[in-house]
Amino acid sequence: MKVTEILKNKKVTRRSVLQGMSAAAAAATLAGCGGSGTKTYFDESDPNLQPPDVGGEYVLGSTPHNCGGGCVSKYYLEEGVVKRIVTDEDREDGDVFAGKAQIRSCQRCRSKVDWWYRNDRLTKPLKQTKERGDITGFVEISWDQAISEIAAKIKGLYTTYGGATFYNCLAPSDRTSQGNTIANLTKLLGSDCSPVQWVLDLSYPQHTYSYFFIDHDGFAQETATSVALRVANNRADIENSDNLVLWAFNPAEARVGPQTAWYITNAREKGVKVTVIDPRFTPTAEAFADDYVGITGTTDAALMLAMLHEMIVNTWDESGNLLADPWLDEAFIRKYVHGFFDDTNPKHYYADISANATAYQVPAGASLSAYIMGTDDRLTNAVMSSEAADYTNMTAGTTVNQGVSIYPDTIGYNVPATDGLYGKTAPCYGQITKTPEWAEKITGVSADKIRELAEMYVKTKVTTWVSGGLQRHTEGDMPVNLGPILSAVTKNIGVEGRSYGFSHEVNYKYPGTMSDKVALNGNNPGSSSIQADSYDMTKLTLQGGELGPYVGNTARTNPLCNVIMMNGLSLPVWIDYVRCAGTSNVSKWNYGRSNTVTTPIKGLFCFGGNFVNQTGNSNEIVDVCTAKDGNGNYNVELILTGDLFFTASSLISDYVLPCAGPGEKWGETCGWLTAEALVMPKITDAPGEALNEFEISRRIAAAWGQEEEFKTVGDGTNTVVNTDYEWSEYNWNKGYSEGQIDQDWDAIQLVGGVNMLEQRPNKVKRIAKEAFITDPAANPLNTMSGKIEAYYQAMLEDYEAAQSSLDTVTTDTDGSSVLKNSGHIYTASTSANSTSRRFVYPIPMYIPAVEAMHADDSHPDLLGLTAKGFIFKKQTGHFNYRAHSTMGNESLLNELYKRNSAGERAYLDPSRSYTDGVWDSDIYEPVYLNPVHASELGVAEGDRVKVSNSRGVLYASVRFTNRMAPYNAGIGDGGWFSVGTDGVDIGGATNSLSSGRPSRIAFGMSMSSDDRLKIEKA
Ligand code: SF4
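Described in the following lines is the structure provided in the data block. In this text the structure is predicted, and so the values were computed from the model without any measurement. (Residues numbered from 1 in each chain as written. Predicted model: local features only at pLDDT ≥ 70, side-chain atom pairs only at ≥ 80, totals over all residues. Heavy atoms only, no water.)

A short note on the overall build of the protein
For the protein, the count of helices and strands is 34 helices and 30 strands. Accessible surface, the protein as shown: approximately 32,200 Å² in total, 48% of it carbon and sulfur. (Helix = DSSP H or I, 4+ residues; strand = E, 2+ residues; numbered from the N terminus. Areas by Shrake-Rupley, 256 points an atom, 1.4 Å probe, with all protein chains shown as cover.)

Take a look at the structure:
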């Protein structure tokens, strides 16, 4: 039976949508009738099918997930039950630059009728009575019993181990962020019970980390966002650009702000040319690209380096003479970028760092340009211009660079001896000249196209938008570190029409992130004793009081990078802390901080998240979270989850609490880094006994005798909030009182909970780094030099400070164990003239990702994966039929994309029960392959295949498309991990195949495009 037929016959009990709303708000948000069926559904079997007439009242609002959106839908109700959802359609649409856009919703929010009212919703608290992972052990218990037992268990763990024993898994599946109240709640137990400060978020770890060292312009402080990111000019500014480059940026599918794709549409109509650089021919490329550059995944840094090479050779000839029409402006670069050229006596913008200038020098042949040029010596012959000499303490007449590249051709891995990479080296091309022809072989992008791209950056106004895809591989630090430099040296920075980063406007502090900003009795996340445990300050050139206000030096106002990093841990390797903290276990990734965290993680919370699914190597996570000590007790003593549905994470939990989802509780939100502010109204009741997390937290606090304390907001006003509604109202009005939002809570209800954006593009205008470009001496960046850092000594030192030990670095291919050309690099932990090879250098390089490929087969394949038959590379993206794992069970979306073993459409039956388990057999995730592989694999469209590697195996249904490059296997993020009786993941979770190996420098996640696979008919 088709999903639509099941839904048509479905009976849903009446629920009161008015419950929880104030009468005034309810009256205001319920609007007039509409929605009559004038359009035609698409249905292959019934082309004349008409949508049902649904009139009556609707609620206007937003119910986003971790999708990047924050879009507006109309929720039509009959007797309190949502019967139909359509997009924002009443308000005037048109030119977004004139503020005339509707905030239209996608198929996900518009499919929620099935999702909310599925029969397998969790409706009562569950308690595991057998072993973790045994679904037959779950019994339904009362809320009173659940609250009583959970409250006692949490308190007991705190008493025994202290506050640092709790880990709250990232859980942003609905953007009310109420799930984080559980973590805040634990702060009631004691002052030390604040979570470890995770300085690197799970989504953008490489971006976040490098931002602190390379181009920290204060954006994080300005907006108090929990995620520090480099951001481009506001979205409306792209109309001032000649070219918009979308580099691994796919807003037509993976939203980054609800209207971002509409900005691009309108910009093209104004003549802005769009270039899409992506290994997959994405919906964004299809819809918007004037020029599509299909790059081999993970090789972006090679492309960037070759573009920079092209710029250098169009500035100086082979003898070092300045050309007549130079592409690069040496003076501009020395003024704003530290270390693009050698600088043995630099002039920094901070007096105290300048006084220590030799410590932050760029030695001969150590600069980024020296690395790019390899053995080409033109820059050692070129003479520094007199204008450029103003920005260094070197004397005029000095050569541009003082030496050719000192970097070796290979680099090793800082991994334990048990790792297959131990003692091996990958190419880092230190002595190679990074010509377009060199990059063509690696990237698959033609040398002519590389030259064309380079010229575009030099000769036109370019805005570059990036997102997470650029970073998600084991060498993902490199393109992330190079990108801002590429834009900066081409003057695409600090003025209208020119910028680099995430598309954005200034973000609101409170909507959607309230637990971080206006925490209930929570205050902001503090830090544990991580610093003392595991950060070696002696490896930093500047230490202690020299570093700024974070360590008590009020004379400096710039919060320098190392101080931030030493107080935190890398979130993407959280499973390593679970395995190692407080034990003698050695970090799997040789991440020093995992080994030196002394408090064991005993309590694990996850509300509105799915940590088994959404972190690398799902099978390993299950193993670690179900491991026992010698006495037969679980190492992690409490796993507590809350969700709408029974997930893979529920399966290994001790308690599973039924929660209200977006639309079933109150909240407020904004787009990812964008300015739309929206109320998330309570539209319908949650089923059964499901509660929102505010209420769950309140009850636990009450069990501790601390209810009133919990309900008092943590901003010093002593305001008491009693419900999720009051909390949202308080947050919204706080933002309003601080001028972040145009309307107060009552006013926003009158316009359907949507902060009218008609005026916002002008109000949120922001030119990133404008003050810095205007007067860098007066407005230095918050980096060591005050400039953008192409040579980042502080990042290198931070890496070494965070490691408990560094293994011996393996020698270069020629047997050399020192840097080339008598080169040296300064770090505090070695000496001013260290000639040692390293695992991390102070410049961005191109290093092949561990399990990736090159266009010409030159990838080193150090783990011998090709010989083992792992010839496909996983290409995971945020496809548009889920938001991460959220809505992975939505039947209508399932039916569009999933197939059974006969190749027929398949979906997770909305009538099933949660006791049926996480996933049903014979409903398979699509794997997208290029048609060239059909005959070699012996499979046809719709055939079931086994996709496997050393970490796991899953079933999938083959879909052939030319949008996917040969040897790439596209699998969407978030299929529901569910291992069947034959040991195969029937839910198709891409992370059952991910290595979890973190990136080289930031220890950020890699699980997207850096996992080799084998595919076989099954
Ligand atoms: S992008 Fe997100 S908020 Fe917007 S409609 Fe889609 S699922 Fe909903």
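Comments concerning the environment of Ile 147
Tracing the sequence through the fold places Ile 147 in helix H4 (residues 143-161). A relative accessible area of 7% means that Ile 147 is categorised as buried. As a C-alpha pair, Ile 147 and Arg 698 span 551 residues in sequence and 10.0 Å in three-dimensional space. If near-sequence neighbours (up to four positions away) are discounted, Ile 147 is found in contact with Ile 696, Arg 699, Ile 700 and Ala 703. (Buried < 20%, exposed > 50% of the residue type's maximum accessible area, 1.4 Å probe, protein only. Contact = heavy atoms within 4.5 Å.)

Side note on the sheet that holds strand E19 (residues 603-607)
One open sheet holds the six strands; their spatial order is E6-E5-E21-E20-E19-E7, and the pairing between them is mixed. Lying at the two open borders of the sheet, with one neighbouring strand each, are strand E6 (138-140) and strand E7 (166-168). Pairs of neighbouring strands in the sheet enclose a mean axial angle of 15 degrees, with direction left out of account. Sheet topology places strand E20 (residues 638-643) next to strand E21 (residues 655-658); four bridges connect them, and they run parallel. Across the sheet, Asp 643 pairs through a bridge with Pro 658, a residue of E21. (Pairing = 2+ DSSP bridges. Axes fitted to C-alpha atoms, helices over the stretch in contact; angles between N-to-C directions.)

With respect to the packing of helix H10 (residues 300-313) against helix H16 (residues 447-459)
Following both chains from N to C, one finds H10 and H16 inclined at 65 degrees, their axes separated by 9 Å at the closest point. Taken together, the axis directions place H10 and H16 in an arrangement best described as roughly perpendicular. The way H10 lies across H16 gives a crossing that is right-handed. Along its contact with H10, which presents Leu 303, Ala 306, Met 307, Glu 310 and Met 311, the element H16 presents Ile 450, Arg 451, Leu 453, Ala 454, Tyr 457 and Val 458. (Parallel < 35°, antiparallel > 145°, perpendicular 65-115°, else oblique. Left-handed = near helix turned anticlockwise from the far one by under 90°.)

Digging into the sheet that holds strand E11 (residues 273-277)
In a beta sheet, neighbouring strands pair by backbone hydrogen bonds and run either parallel or antiparallel. Strands sit in the order E9-E17-E16-E10-E11-E12 across an open sheet of six strands; the sheet is parallel. In the strand order of this sheet, the two ends are held by strand E9 (231-234) and strand E12 (291-293), each with one partner. Across the sheet, the mean angle from the axis of one strand to that of its neighbour is 35 degrees, orientation sign disregarded. Pairing analysis gives five bridges linking strand E10 (residues 243-247) to strand E16 (residues 462-466), with the strands arranged parallel.

Observations concerning the packing of aromatic side chains
Scanning the model with the defined rule gives 39 aromatic pairs in all. Aromatic pair Tyr 75 and Trp 116: ring centres 5.8 Å apart, planes at 50 degrees, arrangement tilted. One end of the pair, Tyr 75, is in strand E3 (residues 73-78); the other, Trp 116, is in helix H3 (residues 112-116), with 41 residues separating them in the sequence. Neither residue differs from the other here; Tyr 75 and Trp 116 are each classed as buried. Between the aromatic rings of Tyr 881 and Tyr 897, the centroid separation amounts to 4.3 Å while the plane-to-plane angle is 25 degrees, which identifies the pairing as stacked. Remark: Tyr 897 occurs in helix H33 (residues 891-897) and Tyr 881 occurs in the loop between strand E25 (872-877) and H33; sequence separation between them is 16 residues. With a relative accessible area of 3%, Tyr 881 lands in the buried category. Taken together, the ring pairs connect Trp 115, Phe 645, Trp 919 and Trp 976 into an aromatic cluster. The ring of Tyr 371 carries the charged tip of Lys 434 above its face, separated from the ring centre by 3.8 Å. Above the face of the Phe 870 ring, Lys 1014 is positioned so that its terminal group lies 5.2 Å from the ring centre. (Phe/Tyr/Trp six-rings, centres within 6.5 Å; stacked < 30°, edge-to-face > 60°. Lys NZ or Arg CZ within 6 Å of the ring centre and 35° of its normal.)

Examining the pattern of salt bridges
Side chains that differ in sign of charge can pair as their charged atoms come close. Counted according to the given criterion, the structure contains 52 salt bridges. Taking the shortest distance from any N to any O, the salt bridge between Glu 707 and Arg 698 comes out at 2.7 Å. Residue classification places Arg 698 among the buried residues on the basis of a relative accessible area of 18%. We note a salt bridge from Glu 707 to Lys 711, for which the minimum N-O separation is 3.4 Å. You can see Glu 707 and its partner Lys 711 sitting in helix H27 (residues 707-711), four residues apart, about one turn around the helix. Overall, the relative accessible area of 22% leaves Glu 707 in the partly exposed class. Taken together, the shared-partner salt bridges connect Glu 695, Arg 698, Arg 699, Glu 707, Glu 708 and Lys 711 into one network. (Salt bridge = Lys/Arg side-chain N within 4 Å of Asp/Glu carboxyl O.)

Overview of the nonpolar core
Nonpolar side chains tend toward joint burial in soluble globular proteins. If you look at the biggest cluster of nonpolar residues, it comprises 157 residues, and the most contacted ones within it are Trp 247, Phe 340, Leu 368, Trp 574 and Phe 611. Examining the composition of this core, we find that 10 residues originate from one element, H10, more than from any other. Setting aside anything within four residues of it in sequence, one finds Phe 340 in contact with Leu 308, Ile 312, Leu 328, Ile 333, Ser 367, Leu 368, Ser 369, Ile 372, Ile 485, Val 489 and Ala 790. One finds Val 81, Met 887, Val 918 and Tyr 924 within the second-largest nonpolar core, a separate group that totals 36 residues. (Core = buried A, V, L, I, M, F, W, Y, C linked by side-chain atoms within 4.5 Å.)

Let's talk about the pairing of strand E22 (residues 667-670)
The two faces of E22 match: Gly 667 and Thr 669 on one face and Glu 668 and Cys 670 on the other face are all buried. Pairing analysis gives four bridges linking E22 to strand E23 (residues 677-680), with the strands arranged antiparallel. Along E23, the bridge assignment pairs Glu 668 with Val 679. The turn linking E22 back onto E23 is made up of six residues, and Leu 673 within it adopts a positive phi angle of 60 degrees.

Regarding helix H15 (residues 436-443)
Restricting attention to buried positions, one finds in H15 the residues Pro 436, Trp 438, Ala 439, Ile 442 and Thr 443. Looking straight down H15, one finds its buried side chains confined to an arc of 150 degrees; they lie on one side. On its buried face, H15 is in contact with H10 and H16. Of the residues flanking the end of H15, it is Gly 444, one or two places downstream, whose phi is positive at about 80 degrees. (Arc of directions from axis to C-beta.)

What to know about the site of the ligand
With respect to spatial proximity, the complete set of residues near the ligand consists of Pro 64, Cys 67, Gly 69, Gly 70, Cys 71, Ser 105, Cys 106, Arg 108, Cys 109 and Arg 255. Each residue belonging to the shell around the ligand can be placed in one class, and the counts come to five nonpolar, three polar and two charged. (Near = heavy atom within 4 Å. Nonpolar A, V, L, I, M, F, W, Y, C, P; charged D, E, K, R; others polar.)

A few points about H4
In this model, H4 (19 residues) spans 27 Å end to end at C-alpha, consistent with the 27 Å of a helix rising 1.5 Å per residue. The secondary structure elements touched by the buried residues of H4 are E7, E19, E20, E21 and helix H26 (693-703). In the segment just after H4, Gly 162 is the residue with positive phi, at about 90 degrees. (Expected span 1.5 Å × (residues − 1).)

Comments concerning empty space enclosed by the protein
With the rule as written, the count across this model stands at 15 cavities of 30 Å³ or more. Taken as a whole, the second largest cavity spans an internal volume of roughly 180 Å³. In terms of lining, the second largest cavity is formed by 15 residues, of which the most central are Asn 414, Val 415, Pro 998, Ser 999 and Arg 1000. For the lining of the second largest cavity, the residue count by class is eight nonpolar, four polar and three charged. (1 Å grid on protein atoms, 1.4 Å probe; cavity = no way out; pocket = protein on both sides within 12 Å on 5 of 7 lines; lining within 4 Å. Points joined across faces, edges and corners; volume = space filled by probe spheres on them.)

Considerations on the side chain of Asn 991
Tracing the chain through its elements places Asn 991 in the loop between strand E29 (968-972) and strand E30 (1012-1017). Using a relative accessible area of 3% as the deciding quantity, one classes Asn 991 as buried.

Brief notes about the pairing of strand E26 (residues 925-929)
Judged by how many residues are buried, E26 sits mostly within the fold: five of five residues are covered. Side-chain alternation along E26 places Glu 925, Val 927 and Leu 929 on one buried face and Pro 926 and Tyr 928 on a second face that is also buried. Bridge count for E26 against strand E28 (residues 953-960) is five bridges, and the pairing is parallel. Note that in E28 the partner of Leu 929 across the bridge is Phe 960.

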